[in-house]
Every structure is written in structure tokens, then in C-alpha cells.
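Report on the structure
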Amino acid sequence: MAGKSALVVVDLQNDFLPGGALGVFEGDQVIPVLNRYIQLALAAGLPIYASRDWHPKVTKHFKEYGGIWPPHCIQGTRSAEFHPDLRLSKDAIVVSKGADPERDAYSAFDALESDGTPLAESLRRRGVERIYVGGLTTDYCVKWTAIEAPRQGFSMTVLVDASLGVNLQPHDAERAIAEMVRQGADMTTIERLRL
């Protein structure tokens, strides 16, 4: 991780971790790895972003209103909070997505800062050219963030050791990784970055 880069931690919220409404099997295993990436980013002086699902109670994203998901990450609830073991810095920039009841909003590029600034604009203001992304889930929010990055003018590196899939269908995460590579994303691990 070097200058003109940023770390984007995707959706490390209670509802996506074991015991949550959409808990990813062993999803908590990515937290220590993401904490190491956070430390690397801090040491390099890079901006750190944390995206979160931030749904209203009524949204077409949820099954009962036509979507495919059970209710999760409802605004202001404990379920929508970042996991307490995630060591985000006090300067981490939180961006929220999924607040529009008419849109699914999987990509962190659908997210806004609290003042309404879109993620892409916020990154450009900080001179960011490359994004390192990890979190939950490989087959949805990480994937759509990685695919959207080049469309927004950013290079993308996926932190494969800090991402896990929900795998609604068997091998969804593997297919997502292949799609991200086809779309131009690089893949790395903490060991490779530290060399």
C-alpha cells in the first residue's frame, strides 16, 4: 500500500457476521486480517473508508417487499453497527448505502458520506487512484465495488484473504473472483503486500 491509494472496508456489520440476519459462515475470520490491513494503511498515511448497509425498515431490498434478502442492517439498530472487534481508526470515513428504499445498492460506490458526498467524489478529492477493498461479501458488495471502481476511474486491488462470500449458490464467491479479475481487478493477500 502506497500513496494515492485508499483502503475500503466493506460492510463489517453485525448482521453479516455469525449470528446475524445474513451471517456469513466464519465471517468473523476476516476481522483480524482487516485489522492488519488497517494498520498498514495507517502506517502509510492512507485514507480508510468503511462502507455500511443502512437500510430503512421498508425497502424493496427485503423479501417481504419484493427483494431476495431478509431484513438486515436497519438504520440505527445494533445489527447495523460495525463489529466491535473491527479496529477502525477515529479518522475512518463512514459511507452508507442502501438508504434508498427503491435501490439495492451493493457497491460501496453507491454509498455517501454523512454530508451526501458520493464515495467516488470523496476519493478524488483525496487524490486516490487505487483502492484496496476487503470485507463482506465477496459475491455481492465486494464484487460490485471492484467492478464499479474502474468505471469510476480507479484501479482496484481485492484483498482476497480479508473477504468471504455468502454463497447463496455453491461457488458464488469463486465466480465473483473470476468476474472481478475479468473486469481488471488485481488480487492480493497481506503476505504479498508486506514483501
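Scroll up to find the structure.
Only a predicted model underlies this, so the values are computations on that prediction, with no experimental measurement involved.

A short note on the pattern of salt bridges
Counting across every chain of the model gives eleven salt bridges. A salt bridge links glutamate 148 to arginine 151; the nearest nitrogen and oxygen atoms lie 3.6 Å apart. Separated by three residues within a single helix, glutamate 148 and arginine 151 lie in helix α3 (residues 141-151), roughly one turn from each other.

Some words on the side chain of serine 89
Checked against the element boundaries, serine 89 lands in the loop between β2 (48-53) and β3 (93-97). Given a relative accessible area of 18%, serine 89 falls into the buried group. Apart from the residues within four sequence positions on either side, serine 89 is in contact with Leu42 and Ile48.

With respect to the environment of glycine 134
Structurally, glycine 134 is set in strand β4 (residues 130-136). Between the C-alpha atom of glycine 134 and that of threonine 157, which follows or precedes it by 23 residues, the distance is 8.9 Å.

Topic: the pairing of β4
Summarising burial for β4: six of the seven residues are buried, a large majority. Pairing geometry for strand β1 (residues 5-10) and β4, over six bridges, is parallel. The residue bridging valine 9 from the neighbouring strand is glycine 134, located in β4. Pairing analysis gives six bridges linking β4 to strand β5 (residues 155-164), with the strands arranged parallel. Residue pairing across strands places isoleucine 131 opposite methionine 156, the latter belonging to β5. Traced from β4 through α3 to β5, the parallel crossover comes out right-handed.

So, the packing of α3 against helix α4 (residues 172-182)
The contact between α3 and α4 brings their axes to 9 Å, and the two run at 10 degrees. Relative to α4, the element α3 is oriented roughly parallel. Contacts between α3 and α4 pair Val142, Lys143, Ala146 and Ile147 from the former with Ala176, Glu179 and Met180 from the latter. Residue classes in the contact of α3 with α4 are distributed as five nonpolar, no polar and two charged.

Quick word on unusual backbone geometry
Residues apart from glycine generally show negative phi values, whereas peptide bonds are mostly found in trans. A cis amide bond links leucine 136 with the next residue in sequence, threonine 137, at an omega value of 0 degrees. Take threonine 137: it is sitting in the loop between β4 and α3. Residues other than glycine seldom take positive phi values, yet aspartate 11 does so here, at roughly 55 degrees. With respect to the helices, strands and loops of the structure, aspartate 11 is situated in the loop between β1 and α1 (30-44). Judged by relative accessible area, aspartate 11 falls into the buried class, the value being 0%. Even without being glycine, histidine 171 reaches a positive phi, approximately 70 degrees. Tracing the chain through its elements places histidine 171 in the loop between β5 and α4.

A word on the nonpolar core
Judged by nonpolar contacts, the single largest core of 57 residues is most densely connected at Leu7, Leu12, Leu123, Ile131 and Val158. The element that contributes the greatest number of residues to this core is α1, accounting for seven residues. Beyond its immediate sequence surroundings of up to four residues, leucine 12 is in contact with Leu17, Val30, Ile31, Leu34, Glu81, Phe82, His83, Leu86, Gly135 and Leu136.

What counts, and at which threshold
Just so you know, the residues in each chain are numbered from 1, in the order the chain's sequence is written. Selection of residues for local features in this predicted model requires a pLDDT of at least 70, selection of side-chain atom pairs for listing and counting requires 80 or more, and totals for whole chains, interfaces and linings are taken over all residues. Based on all heavy atoms of the structure, the side-chain values leave hydrogens and waters out of the count. Any carboxyl oxygen of Asp or Glu that lies within 4 Å of a side-chain nitrogen of Lys or Arg is treated as forming a salt bridge with it. Numbered from the N terminus, helices here are DSSP runs of H or I no shorter than four residues, and strands are runs of E no shorter than two. Think of it in three bands: with a 1.4 Å probe and only protein chains considered, a residue is buried below 20% of the maximum accessible area for its type, exposed above 50%, and partly exposed in between. Contact between two residues is taken to exist if any of their heavy atoms lie within 4.5 Å; hydrogens are not considered. Here, a strand pair is defined by DSSP locating no fewer than two bridges between the strands. Whether a crossover is right-handed depends on one test, that the path from the first strand over the helix to the second runs clockwise when the strands point away from the viewer. Helix axes are fitted to C-alpha atoms over the stretch in contact, other axes to C-alpha atoms as well, and angles between N-to-C directions run from 0 to 180 degrees. Roughly parallel means an angle under 35 degrees; roughly antiparallel, over 145; roughly perpendicular, 65 to 115; everything else is oblique. Gly falls in the polar group here, along with every residue not listed as nonpolar (Ala, Val, Leu, Ile, Met, Phe, Trp, Tyr, Cys, Pro) or charged (Asp, Glu, Lys, Arg). We call a set of buried Ala, Val, Leu, Ile, Met, Phe, Trp, Tyr and Cys residues a nonpolar core when their side-chain atoms join them within 4.5 Å.

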